[in-house]
Amino acid sequence: MPLAPSLRTLVCATSLLILQACGGGGGGDTAPAPAPPPPSPSSGSQPSDPMAAVTVNDPGSALPAHWQTGVFAQIFVRSYQDSDGDGQGDLKGLRSRLPYLKSLGVSGLWLMPVTNSQDHDHGYAVTDYRGIERDYGSLADFDALVAEAHRLGIGIVMDYVMNHSAADHALFQSSKASRTSPYRDWYVWKDSLPGGWNIYGKNPWYTLATTTGAYFAGFWDQMPDWNLRTPAVVAYHHDSLRFWLNRGVDGFRFDATANLVENGPQAWEAQPENLPLMRDVRTVLDAYHQRFMVCEAPPAVDANNAACGSAFAFGHQQQVIAAARGEAWAVQASASYFPTGQASTKSTLLSNHDTFAGPRPWDQLAGNVAQYKLAAATYLLQPGTPFIYYGEEIGMSRGNIDGDVQLRVPMSWTGDTARAGFTTGTPFRARSANVATNNVAAQENDPNSLLNHYRAMISLRHALPSIARGTYDNPTVNGLVYTFQRTLGDERTVIAINYGTTAATASASGLPATAVLEREFPAGAADAAADAYGNASFTLPPQSVSVFVVGS
């Protein structure tokens, strides 16, 4: 639903600091420079009309088949690599680090929001769904990143915020201006302030100095919720998704999909209306070749996994971390998480950018590298699509600051405690507390480093399709020893993990009689064999991982 010319003029006038000429720019703490003339759509600059309808124009996919079943890296662009010395990461900086990500073995990148935002930090307060955050660069920079990633066989997945916009978004400015605004029902309003609500410890309804009623904002008063019961709002988001898909984006991570629709103070999360909304989004992506989507819905993982095609397996990460610490209950819980005889489309993780998902693994495991390697091996070899949070692969710790930002500090490329190899200027935020020891430069050439352990686990997924996309079979737990199999076609892999601090015997059953178990990891260790009944046993060193391929 494009803006009528008269309303476009009104919206642009009321939000000039947010959307330069309703066509881009980032907004910020100071007034932006005057907007340039609207560019042509193919110029690679900011779009001229963020409300235009968009039809399907699939550029196809440059990625290999099954790229979605590889390993993803979650990237906070602002904290990854600065290219211009302003102390903030940007798209050119990320592009310069693609060879490193390729060497890690990832098949895709989830970029936390890179669109224009009001917050100019995490990016979830979106002011323009079709423009690039000014601190990060331009659409041309984004297109160059996508092209180079595709050349390296890496997909680009954007974070998309369908639940809410920024309060500075031009459409919310119009919506709040008058009860008769044509965009009033694009957001959730009540004539007066409702009572009885409590979301995350506060009333999610907010009144304005004017008499235009109360609006709903479940997360923050500066992020009002879209009214997704209004068809034009849904159409607007579908058009914005197609805008990026037409540019070659390979998919989306959808924020807060359990919060899309509210039905009252006791029914504001995981409502049934959320699921058809996400199924319709899935249909938008299905009009394009090889596109991927994953949804964030901690209270409704299974339902969203079915609707979206993938959802983050929240809760599983806590089991994996506790298992790595040697807690028997967690070994059993982690082993039982996935249904047997099936492949899984869920997306797995150890942590991410939100504190509700847990601290960084280094901090959870108190710097115990042996336990850390077990946690990494567990979720990288189990079913699902793993997402590595940037810096996880080198054991980055939190920054010495409070709140979620402690998880979003600059990437530790070197041991320079002042700049971390992240910038030539002054970093916008405190560095990781262990930057001096846990950095890429220190681990790159150490065969026993955490970084090279991650590379080894990911390379197993590349070498053995049964690990990347096979079924999950015959899980067995005996104390702190966990054995399971992955099967795809004629390929069967046996994986055994000893979380204990003493050597132990692992067993595997259901194998072909007298089959040879050919060692894949660690290199140089002995093979094993099944007996005439298809049972095999072998010794596992303390806190170790063994991977075998079942031969004839």
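Residues numbered from 1 in each chain as written. Predicted model: local features only at pLDDT ≥ 70, side-chain atom pairs only at ≥ 80, totals over all residues. Heavy atoms only, no water.

For the chain, an unreviewed UniProt entry supplies the name Alpha-amylase and the organism Piscinibacter gummiphilus. The heading Sequence similarities (unreviewed entry) in the UniProt record of the chain holds the text "Belongs to the glycosyl hydrolase 13 family." (UniProt positions renumbered as here; feature names shortened; annotations may be inferred.)

(A) A look at the packing of helix α12 (residues 369-381) against helix α14 (residues 450-463). At a minimum axis distance of 10 Å, the contact between α12 and α14 shows a crossing angle of 20°. Judged by the angle between their axes, α12 and α14 are roughly parallel. Relative to α14, the crossing made by α12 is right-handed. On α14, the residues touching Tyr372, Lys373, Ala376, Ala377, Tyr379, Leu380 and Leu381 of α12 are Leu450, His453, Tyr454, Met457, Ile458, Leu460 and Arg461. The class makeup of the residues in the contact of α12 with α14 is eleven nonpolar, one polar and two charged. (Axes fitted to C-alpha atoms, helices over the stretch in contact; angles between N-to-C directions. Helix = DSSP H or I, 4+ residues; strand = E, 2+ residues; numbered from the N terminus. Parallel < 35°, antiparallel > 145°, perpendicular 65-115°, else oblique. Left-handed = near helix turned anticlockwise from the far one by under 90°. Contact = heavy atoms within 4.5 Å. Nonpolar A, V, L, I, M, F, W, Y, C, P; charged D, E, K, R; others polar.)

(B) Geometry of the pattern of salt bridges. Enumeration over the complete set of coordinates arrives at 18 salt bridges. For glutamate 133, the salt bridge goes to arginine 78, with nearest N and O atoms at 3.9 Å. Of this pair, glutamate 133 sits in the loop between β4 (126-132) and α4 (139-151) while arginine 78 sits in the loop between β1 (72-75) and α2 (91-96), placing them 55 residues apart in sequence. As far as the burial class goes, glutamate 133 and arginine 78 line up, both buried. A salt bridge links glutamate 444 to arginine 455; the nearest nitrogen and oxygen atoms lie 2.8 Å apart. On the criterion of sequence distance, the pair formed by glutamate 444 in the loop between α13 (440-443) and α14 and arginine 455 in helix α14 is long-range, its members being eleven residues apart. By relative accessible area, which is 30% here, glutamate 444 ends up partly exposed. Each of Asp159, Arg253, Asp255 and Glu296 takes part in salt bridges that share partners, so that together they form one network. (Salt bridge = Lys/Arg side-chain N within 4 Å of Asp/Glu carboxyl O. Buried < 20%, exposed > 50% of the residue type's maximum accessible area, 1.4 Å probe, protein only.)

(C) Representation of the nonpolar core within the structure. By size, the foremost hydrophobic cluster in this structure holds 140 residues, and its most contacted members are Leu109 and Phe142. Apart from the residues lying within four places of it in its own chain, the contact partners of phenylalanine 142 are Leu91, Leu111, Val114, Ile132, Ile156, Met158, Trp244 and Val249. Membership of the second largest hydrophobic core comes to 15 residues, among which are Val481, Val494, Leu517 and Leu540. (Core = buried A, V, L, I, M, F, W, Y, C linked by side-chain atoms within 4.5 Å.)

(D) Here's a closer look at the confidence of the model for the chain. Mean pLDDT over the chain: 92, with 91% of residues reaching 70 or higher. Note that residues 1-47 has pLDDT below 50 and, in this model, 94 contacts with residues that lie over four places away or in other chains. (pLDDT = per-residue confidence, 0-100.)

(E) Expanded view of the pairing of strand β2 (residues 108-111). Of the two faces of β2, both are covered, the one formed by Gly108 and Trp110 as well as the one formed by Leu109 and Leu111. Where β1 lies against β2, four bridges are found, and the strand directions are parallel. Residue pairing in the sheet places alanine 73 in a bridge with leucine 109 of β2. Taken together, the four bridges between β2 and strand β5 (residues 155-160) define a ladder with parallel strand orientation. Across the sheet, glycine 108 pairs through a bridge with glycine 155, a residue of β5. (Pairing = 2+ DSSP bridges.)

(F) Highlighting the sheet that holds strand β8 (residues 214-216). Within the open sheet, the three strands sit side by side as β6-β8-β7. Their pairing is antiparallel. Of all strands in the sheet, those with a lone pairing partner are β6 (189-190) and β7 (205-207), marking the two edges.

(G) Representation of the side chain of glutamine 81 within the structure. Take glutamine 81: it is sitting in the loop between β1 and α2. Under the relative-accessibility criterion, glutamine 81 is labelled buried at 7%. At 3.3 Å, the side chain of glutamine 81 and the side chain of tryptophan 413 are in polar contact. Sequence-distant contacts of glutamine 81, defined by excluding residues within four places in its chain, comprise Gly89, Asp90, Gly93, Leu94, Ser96, Arg97, Trp413, Gly421, Phe422 and Thr423. (Polar contact = N/O pair within 3.5 Å; in protein donor to acceptor, adjacent residues only side chain to side chain.)

(H) Looking closely at the domain arrangement of the chain. Structurally, the chain comprises domain 1 (67-160 + 312-463), domain 2 (170-216) and domain 3 (468-551). Using only C-alpha atoms to locate each centre, domain 1 and domain 2 end up separated by 36 Å. (Domains from an automatic or database assignment.)

(I) Local environment of the state of the cysteines. All told, the structure shown has one disulfide when counted by the stated rule. Residue cysteine 295 pairs covalently with cysteine 308 via a disulfide, S to S 2.1 Å. With the S-S bond torsion at -95°, the cross-link from cysteine 295 to cysteine 308 turns out left-handed. Of this pair, cysteine 295 sits in strand β10 (residues 292-295) while cysteine 308 sits in helix α8 (residues 301-308), placing them 13 residues apart in sequence. (Disulfide = S-S within 2.5 Å.)

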